[in-house]
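A closer look at the structure
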Number of protein chains: 2
Amino acid sequence: MLLFWRALHFLTIYVINFPSLSFGATLKFERSEVIGDIFNLSPRGWLPGNKERPLEDWQQEIEGYRGIADQIIERSMRGPAANQSYDRLATFVDKFGYRLVGTQNLEDSIDYLLEKLKEDGLENVHGEDAIVPHWVRGKESAEMLSPRRKKLALLGLGSSVGTPEEGIQSEVIVVRSWDDLDQHSKQVKGKIVVYNQEWKGYSKSVDYRSNGASRAAAYGAVATLIRSVTPLSINSPHTGMQDYTDGVKKIPTACITVEDAEMMDRMQQRGERIVVKLVMGAQNLPSVKSRNTVAEVMGSMYPDEVVLFGGHLDSWDVGQGAMDDGGGAFISWQALSLISQLGLRPKRTMRMVLWTGEEMGGIGAEAYYHAHKGDISNFDMVMESDIGTFHPYGIKFTGTEKATKIMESVVDLLRPINATQLANEADGTDIAMWMSHGVPGSSLLTDTSSYFYYHHTDGDTLTVQNPKEMDRSAAVWAVVAFIVADMEEMLPR
Amino acid sequence: MLLFWRALHFLTIYVINFPSLSFGATLKFERSEVIGDIFNLSPRGWLPGNKERPLEDWQQEIEGYRGIADQIIERSMRGPAANQSYDRLATFVDKFGYRLVGTQNLEDSIDYLLEKLKEDGLENVHGEDAIVPHWVRGKESAEMLSPRRKKLALLGLGSSVGTPEEGIQSEVIVVRSWDDLDQHSKQVKGKIVVYNQEWKGYSKSVDYRSNGASRAAAYGAVATLIRSVTPLSINSPHTGMQDYTDGVKKIPTACITVEDAEMMDRMQQRGERIVVKLVMGAQNLPSVKSRNTVAEVMGSMYPDEVVLFGGHLDSWDVGQGAMDDGGGAFISWQALSLISQLGLRPKRTMRMVLWTGEEMGGIGAEAYYHAHKGDISNFDMVMESDIGTFHPYGIKFTGTEKATKIMESVVDLLRPINATQLANEADGTDIAMWMSHGVPGSSLLTDTSSYFYYHHTDGDTLTVQNPKEMDRSAAVWAVVAFIVADMEEMLPR
């Protein structure tokens, strides 16, 4: 039976790989050279490239990695690398603070990191150019003038236009939903629309931040103030990206606090006339060049085949960007670092990419995708950590049923840190394009219960990070990336 | 046996009450008039004033109140009064915002409330003067200039002096504890001391806010910046009172955020030189007159005997003072309101006092105590709600062992709202003086797990309040106050 499979494989490998030869000729050449070895010597009794390989065989192979997984975990949690990703992140964010795309500060932080990655002994350390938007916040303020004077904390939204220098002073209408807006469309003209939408989870509620300006502008609103997208507030405005709809007038838009949105809602219910003055110096300047930051541990057998993992290095211009996405970026570095420190070398290349311009809409990731999509058949798996590094439970995975079962075995190796969950549907702006073109994807599965308290606020600082949780996250990342990169075959897709 | 107790009581009442006759002559006269009735007719079979009254008798009497307690609870939770305290508070805090002592805004809010209390049909509605400090914040800002420029969110502390107009620019030394300060005392001179004390609960950690300035000034510090006293921060500074030590130079002092205190601590550990510029326009102006706000439901039999309950109406100059102590103040109004709405009239007077100047150190409560301490023997119980109105579990009580057992029976009447816990040691700045002179005291026992997130910040707004929890708190308050005010006898002390 085994011989039959091997013979079948030998035929299959050329047929299957043929279409991708143009993208990965060198690799395929190398692979064809080693096939003979594997055919005779593979310690795991199977050959790479065989789509029909039984699941049990994958599982048996993965089980063989338990010792290596334990080593990685041990080094991350209790060994000399304990606290390392936290300490590196601390030094980084304290030195540079936040890193808004378009700023010299972000570029300086990239230069610093490239240097550190080289010092860490990693391979192929380099930046890859990406053209990114250059939005500047400028000075901004909002004050309620009627029914009483009260300053409103606010943060303008990314890509928003500014107000005239003297600001916009106008009556307010508060709406709670799109329906509410539509029902009051005739009262919107000339007013500032305040959205006081209920928190229904980030993915639902963020719709108001993303589209609130244009939907109100279509009815003639002069500006929009959107309740910050968060379940908890200490009068905390949250910034974020917004999208203007083509053909609709661009009006200034900002997030205000939950508290102030609710207050104005109550005032409106009481029949009080609300007047707000909004001043925003926001500007959209010409695009500039930024860089994705890349480092690798190169593969020993199939160096052109890649397990890609990362986070983004840019942040909003608030806090320190230590959570979003300092955590994701630095556990990715740590994952590479752990493998390197342990002297491990996977068969495929482990490639860290720290994207730029994520906050402006995954700009760096888009540039990266377009530069590398020709090699898509060599991308074994793409991994993104951008939902915090608080208490990882395992990973979220997008792939075929068989790949999912394989990954269930992989995360089972994370038993020592109790991170064995495999959830459905990896998420992440920066890997979405790869996944939509069939590349298996993973994202870090974490406790997100407090993530949106700090998201896009001045509270996104090192204070919210915990060294142990970062160690645990880095261990998850390193184990998953290494084993997928080292297995006999790429994940089926 | 019963007759023996009654006869003994008849003798005892004059002996026991004699020392207090000078303070409560009118009352005692009225009481002596009704004694005959009670002797013959008391429906509960016992006479007031008997210290030896068996506990079982108290318990039996209290059990008889279950129907009334149910009525109060029903009206508060589901009846026409549901949401009323929340709605009243909302209207109030949206109209006036925060209410710093010394401001016309606080006095306007007191005038408004006196009017509303009269409209609500309450009795003896009036203000009682109290002389209060007049501290003004002025403009304030802080910026870290080295190792990099970063604005520091801050709130100056009550009673702090300001800086010179041009500010104070100085090197920073970070300490984590009093011991740490003492050990580095020689390095403090001429510096700004940053306290990065660990959060160990409010009552412990607030010591740094209260005494940080003078303890550092004694070693020659030029200013102090204290980590805000909170377990959770979204870069949120918390204000509060501080106390200068006599004979020590008064230096400017403010709270910064947990995040910035931790950041500077890390920078110091890395050997980086930290320089901060602090500007504070704070001033201590001459004292002014404010008022405690009083309303009653008068007692039917012993109107001069009083169950006093309340919260404070002043707040810090941040947020809306909706939690600290809008909640406590408005559930106190609601407690009176509920009794009045139900047409109940207790034997003793239920008196609500909304103190002024609490935030500056219980100033209004001190004035109230000194004005009324001559009547102390008529104060049956004092009650304060100033730790939030989030999910009440029952009450905290300070009193004799017997009084505690009696109160256990009283809170058992709160079974329908599951608020039957009786904890030890009532707390509250505004009732402390009464308790220290032997008057039994109660405070609302609540879930305080998130209270200090918002305490003394811009996040102290109506958003943190929940109508149902306020209804529940008002029910606790009304049941406890009414029953203690209506029982045959004052609580033993």
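Residues numbered from 1 in each chain as written. Chains lettered and ligands numbered in written order. Predicted model: local features only at pLDDT ≥ 70, side-chain atom pairs only at ≥ 80, totals over all residues. Heavy atoms only, no water.

For the pair chain A and chain B, the best superposition has an RMSD of 0.0 Å and corresponds to a rotation of 180° with a translation of 0.0 Å parallel to the axis. Accordingly, the operation relating the two chain copies is best matched by a two-fold axis. Residue Ile234 of chain A, judged by its C-alpha, is the member of chain A lying nearest the rotation axis, at 3.4 Å. Comparing interface residues between copies, 100% of those in chain A also sit at the interface in chain B, which points to an isologous, same-surface contact. (Least-squares fit on C-alpha atoms with pLDDT ≥ 70 in both. Contact = heavy atoms within 4.5 Å.)

For the rest of this paragraph, the subject is the sheet that holds strand β5 (residues 168-175) of chain B. Residues and elements named next belong to chain B. Here eight strands make up an open sheet; going across it, the order is β3-β2-β9-β5-β6-β7-β8-β4 and the pairing mixed. Only two strands of the sheet have a single neighbouring strand rather than two, namely β3 (150-152) and β4 (154-156). Ignoring strand direction, the axes of neighbouring strands in this sheet form an average angle of 30°. Pairing between β5 and strand β9 (residues 275-280): four bridges, direction antiparallel. Paired with Gln169 across the strands is Lys277, a residue of β9. Most of the contacts of helix α8 (residues 202-217) go to strand β7 (residues 223-227), to which it runs at about 155°, and overall it touches β6 (192-195), β7 and β8 (253-256). (Pairing = 2+ DSSP bridges. Helix = DSSP H or I, 4+ residues; strand = E, 2+ residues; numbered from the N terminus. Axes fitted to C-alpha atoms, helices over the stretch in contact; angles between N-to-C directions.)

The next point concerns the packing of helix α4 (residues 66-77) of chain A against helix α10 (residues 322-341) of chain A. Residues and elements named next belong to chain A. Relative orientation of the contacting elements α4 and α10 amounts to 115°, with a least axis distance of 10 Å. Considering the angle they form, α4 stands roughly perpendicular to α10. Relative to α10, the crossing made by α4 is right-handed. Between α4, through Ile72, Arg75 and Ser76, and α10, the contact on the second element is made entirely by Leu338, Ile339 and Gln341. For the contact of α4 with α10, the residue count by class is three nonpolar, two polar and one charged. (Parallel < 35°, antiparallel > 145°, perpendicular 65-115°, else oblique. Left-handed = near helix turned anticlockwise from the far one by under 90°. Nonpolar A, V, L, I, M, F, W, Y, C, P; charged D, E, K, R; others polar.)

Below, the discussion takes up the packing of aromatic side chains. The full count for this structure, using the stated rule, is 34 aromatic pairs over all chains. Ring geometry for Phe379 of chain A and Trp434 of chain A: centres 4.1 Å apart, planes at 25°, overall stacked. In this pair, Phe379 of chain A sits in strand β13 (residues 379-384) while Trp434 of chain A sits in helix α13 (residues 432-436), placing the two residues 55 residues apart along the sequence. The exposure class of Phe379 of chain A is buried, given its relative accessible area of 2%. Residue class for Trp434 of chain A comes out buried when judged on its relative accessible area of 0%. With a centroid separation of 6.1 Å and 55° between ring planes, the pair formed by Trp199 of chain B and Phe452 of chain B is classed as tilted. Taken together, the positions of Trp199 of chain B in the loop between β6 and α8 and Phe452 of chain B in helix α14 (residues 451-454) put the pair 253 residues apart, joining distant regions of the chain. For Phe452 of chain B, a relative accessible area of 11% corresponds to the buried category. Aromatic ring contacts, followed pair by pair, group Phe92, Phe96, Tyr112, Phe330 and Trp333 of chain A into a single cluster. The ring of Trp58 of chain B has Arg53 of chain B sitting right over it, with the charged end atom 4.7 Å from the ring centre. (Phe/Tyr/Trp six-rings, centres within 6.5 Å; stacked < 30°, edge-to-face > 60°. Buried < 20%, exposed > 50% of the residue type's maximum accessible area, 1.4 Å probe, protein only. Lys NZ or Arg CZ within 6 Å of the ring centre and 35° of its normal.)

What follows is about the side chain of Asp325 of chain A. Residue and element names in this part refer to chain A. Mapped onto the secondary structure, Asp325 falls in helix α10. In this structure, Asp325 is buried with no salt-bridge partner, the nearest side chain bearing the opposite charge being Arg99 at 8.2 Å. Setting aside residues no more than four positions away along its own chain, Asp325 makes contact with Gly311, His312, Asp314, Ser385 and Asp386. (Lys, Arg positive; Asp, Glu negative; His and termini not counted. Salt bridge = Lys/Arg side-chain N within 4 Å of Asp/Glu carboxyl O.)

Residues and elements named next belong to chain A. On average, residues of chain A carry a pLDDT of 92, and 90% of them reach 70 or more. Below a pLDDT of 50 lies the segment residues 1-48, which in the model reaches 72 contacts outside its immediate sequence neighbourhood of four places, other chains included. Two numbers describe this predicted complex: its pTM, 0.90, and its ipTM, 0.90. (pLDDT = per-residue confidence, 0-100.)

With that out of the way, let us pick up helix α11 (residues 363-372) of chain A. Buried residues of α11 of chain A: Ile363, Gly364, Ala365, Tyr368, Tyr369 and His372 of chain A, and no others. The inward-facing, buried residues of α11 of chain A contact β1 (123-136), β10 (283-297), β11 (302-312), β12 (348-355), β13 and α13 of chain A.

To find leftover empty space, a probe the size of one water molecule is rolled over the atoms. Tallied over the entire structure, the rule returns five cavities of 30 Å³ or more. Taken as a whole, the largest cavity spans an internal volume of roughly 50 Å³. In this structure, the largest cavity is lined by Gly319, Gln320, Asp458 and Thr461 of chain A together with Lys150, Asn235, Glu259, Asp260 and Met263 of chain B. Sort the elements by how many residues they give to the lining of the largest cavity and helix α9 (residues 258-269) of chain B lands first, with three residues. Its residues assigned to classes, the lining of the largest cavity shows one nonpolar, four polar and four charged. (1 Å grid on protein atoms, 1.4 Å probe; cavity = no way out; pocket = protein on both sides within 12 Å on 5 of 7 lines; lining within 4 Å. Points joined across faces, edges and corners; volume = space filled by probe spheres on them.)

Attention now goes to the interface of chain A and chain B. Contacts between chain A and chain B engage 29 residues on the former and 29 residues on the latter. Both sides of the chain A and chain B interface together cover about 2300 Å² of buried area, and 54% of this is carbon and sulfur. Where chain A meets chain B, there are four salt bridges. One salt bridge in this structure joins Arg266 of chain B and Asp94 of chain A, with 2.7 Å as the shortest N-O distance. Put simply, the parts of the chain that give the side of chain A that touches chain B at least two residues each are α5 (84-96), α9 (258-269) and α14 (451-454) of chain A. (Buried area = accessible area lost by both parts, 1.4 Å probe.)

All names here are of chain A. Omega for the bond connecting Ser146 with Pro147 falls within 30 degrees of zero, at 5°, which places this linkage in the cis form. Looking at where Pro147 falls in the secondary structure, it is placed in the loop between β2 (140-146) and β3 (150-152). Across the junction of Asp324 and Asp325, the peptide omega takes the value 10°, indicating a cis bond. Its identity is not glycine, yet Asn418 carries a phi of approximately 50°, on the positive side. With respect to the helices, strands and loops of the structure, Asn418 is situated in the loop between α12 (401-412) and β15 (421-424).

The full count for this structure, using the stated rule, is 58 salt bridges over all chains. A salt bridge links Glu63 of chain B to Arg66 of chain B, with the nearest nitrogen and oxygen atoms 2.7 Å apart. Its relative accessible area of 44% is what places Glu63 of chain B among the partly exposed residues. The class for Arg66 of chain B is buried, based on a relative accessible area of 16%. Three or more residues joined by partner-sharing salt bridges are found here, namely Glu63, Arg66, Asp412 and Arg415 of chain A.

All names here are of chain A. Read across the open sheet, the eight strands follow the order β3-β2-β9-β5-β6-β7-β8-β4; overall the sheet is mixed. This sheet does not close on itself; its edge strands, each paired only once, are β3 and β4 (154-156). Taking each pair of neighbouring strands and ignoring which way they run, the sheet shows an average axis angle of 30°. Across four bridges, strand β6 (residues 192-195) lies against strand β7 (residues 223-227) in parallel orientation. In the strand pairing of β7, Val193 is matched with Thr224.

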